[in-house]
Amino acid sequence: MVEIVRRRFSGPRILAVACLAAIIGAPVLAARGHGPGVRNWLVATEGYAAVLLAGLGGSARRRGTTLGDLADSALVFLPRRPGAPRRRRPEFSTELHRFRVETILGATHACTLLGRLTGGQLKDGDFVHVFGRRSRSGELAMNRIEVLSSANGIRMSGLTAERRGEFALARRVDRLAVGATLVLAAGFAVGAALVAG
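Owing to the predicted nature of the structure, the values given are computational and were not obtained by experimental measurement. (Residues numbered from 1 in each chain as written. Predicted model: local features only at pLDDT ≥ 70, side-chain atom pairs only at ≥ 80, totals over all residues. Heavy atoms only, no water.)

Below, the discussion takes up the packing of helix 1 (residues 11-30) against helix 4 (residues 166-196). At a minimum axis separation of 9 Å, helix 1 and helix 4 run at an interaxial angle of 20°. Classified by the angle their axes make, helix 1 and helix 4 are roughly parallel. The handedness of the crossing between helix 1 and helix 4 is left-handed. Between helix 1 and helix 4, the contacting residues are Gly-11, Pro-12, Ile-14, Leu-15, Ala-18, Cys-19, Ala-22, Gly-25, Ala-26 and Leu-29 on the first element and Val-173, Asp-174, Ala-177, Val-178, Ala-180, Thr-181, Leu-184, Phe-188, Ala-192 and Val-195 on the second. (Axes fitted to C-alpha atoms, helices over the stretch in contact; angles between N-to-C directions. Helix = DSSP H or I, 4+ residues; strand = E, 2+ residues; numbered from the N terminus. Parallel < 35°, antiparallel > 145°, perpendicular 65-115°, else oblique. Left-handed = near helix turned anticlockwise from the far one by under 90°. Contact = heavy atoms within 4.5 Å.)

What follows is the structure, given as structure tokens:
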């Protein structure tokens, strides 16, 4: 069964807010003193936030592309140009394939594969070897499926989810933005701990 999944990614917005908070908060903490080491750490954190925010601003100029639309939607605190539409998180869609796999021992597992299939098609009754991980909902989230000639046979074909579409790119950008936010938050937390200690 194939469904169409639509998602709006929040990672770039969270990153933009964290950058703004660090740019405002780091000088406030640095003003409390505690030596040049602490001050340098906070200045470095503020600089990292400024570079990330400048990267978002530069990417936002490329509106109409996946990266540009995500970056533009993140800069909600900046004023809009007259007549420009309201900044909304862009929506991306892809296919979600749901199917069941029965093991040789008879256990049945619900499986999902997110993205347009590449490399062939699955047919009812195919022998398969699946690769992925169990999701929070208990389903097996697949990233690759190998169709076999028999239960222990040779590989006939391999199926994967498309990795080059807009949805896949938006998902990667979202994960990178969340990772950069965590690095920024950790840097700010270390600076705050140094000021407090």
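Considering all chains together, one arrives at two aromatic pairs under this definition. Measuring from centroid to centroid gives 6.3 Å for Phe-9 and Phe-92, while their planes differ by 40°, and the two rings are tilted. Separated by 83 residues along the polypeptide, Phe-9 in the loop between strand 1 (2-8) and helix 1 and Phe-92 in strand 2 (residues 91-102) bring together distant segments of the chain. As far as burial versus exposure is concerned, Phe-9 and Phe-92 are alike and both buried. Ring-pair connections join several aromatic residues into one group, and the members of that group are Phe-9, Phe-92 and Phe-167. Residue placement shows Arg-144 over the ring face of Phe-131; its charged tip is 3.8 Å from the ring centre. (Phe/Tyr/Trp six-rings, centres within 6.5 Å; stacked < 30°, edge-to-face > 60°. Buried < 20%, exposed > 50% of the residue type's maximum accessible area, 1.4 Å probe, protein only. Lys NZ or Arg CZ within 6 Å of the ring centre and 35° of its normal.)

Next up on the list: the layout of surface pockets. What the largest pocket holds in volume is close to 1,000 Å³. Taken together, 32 residues make up the lining of the largest pocket; nearest its centre are Arg-7, Leu-114, Arg-133, Arg-171 and Arg-175. Elements with a contribution of two residues or more to the lining of the largest pocket: strand 1, strand 2, strand 3 (108-114), strand 5 (127-134), strand 6 (140-148) and helix 4. Of all the elements, helix 4 adds the most residues to the lining of the largest pocket, at seven residues. Here the second largest pocket defines a volume of roughly 560 Å³. Lining the second largest pocket are 21 residues, and of these Val-101, Glu-102, Asp-126, Phe-127 and Val-128 sit closest to its centre. Every element with two or more residues in the lining of the second largest pocket is listed here: strand 2, strand 3, strand 5 and strand 6. Residues of the lining of the second largest pocket, tallied by class, amount to 11 nonpolar, five polar and five charged. (1 Å grid on protein atoms, 1.4 Å probe; cavity = no way out; pocket = protein on both sides within 12 Å on 5 of 7 lines; lining within 4 Å. Points joined across faces, edges and corners; volume = space filled by probe spheres on them. Nonpolar A, V, L, I, M, F, W, Y, C, P; charged D, E, K, R; others polar.)

Relative to each other, helix 1 and helix 3 (residues 66-74) sit at 45°, their axes nearing to 8 Å. Classed by the angle they form, the pair helix 1 and helix 3 counts as oblique. The way helix 1 lies across helix 3 gives a crossing that is right-handed. Side by side, helix 1 and helix 3 meet where Pro-12, Arg-13 and Ala-16 of the first sit next to Leu-70, Ser-73 and Ala-74 of the second.

Before going further, it helps to spend a moment on the side chain of Ser-73. Structurally, Ser-73 is set in helix 3. A distance of 2.8 Å separates a polar side-chain atom of Ser-73 from the backbone oxygen of Leu-70. Contacts of Ser-73, omitting those with residues within four sequence positions, involve Arg-13, Arg-87, Arg-88, Arg-89 and Pro-90. (Polar contact = N/O pair within 3.5 Å; in protein donor to acceptor, adjacent residues only side chain to side chain.)

Over its 31 residues, helix 4 extends 44 Å from the first C-alpha to the last, a length consistent with the 45 Å expected when each residue adds 1.5 Å. When we look at burial in helix 4, the residues that qualify are Phe-167, Ala-168, Ala-170, Val-173, Asp-174, Ala-177, Ala-180, Thr-181, Leu-184, Gly-187, Gly-191 and Val-195. (Expected span 1.5 Å × (residues − 1).)

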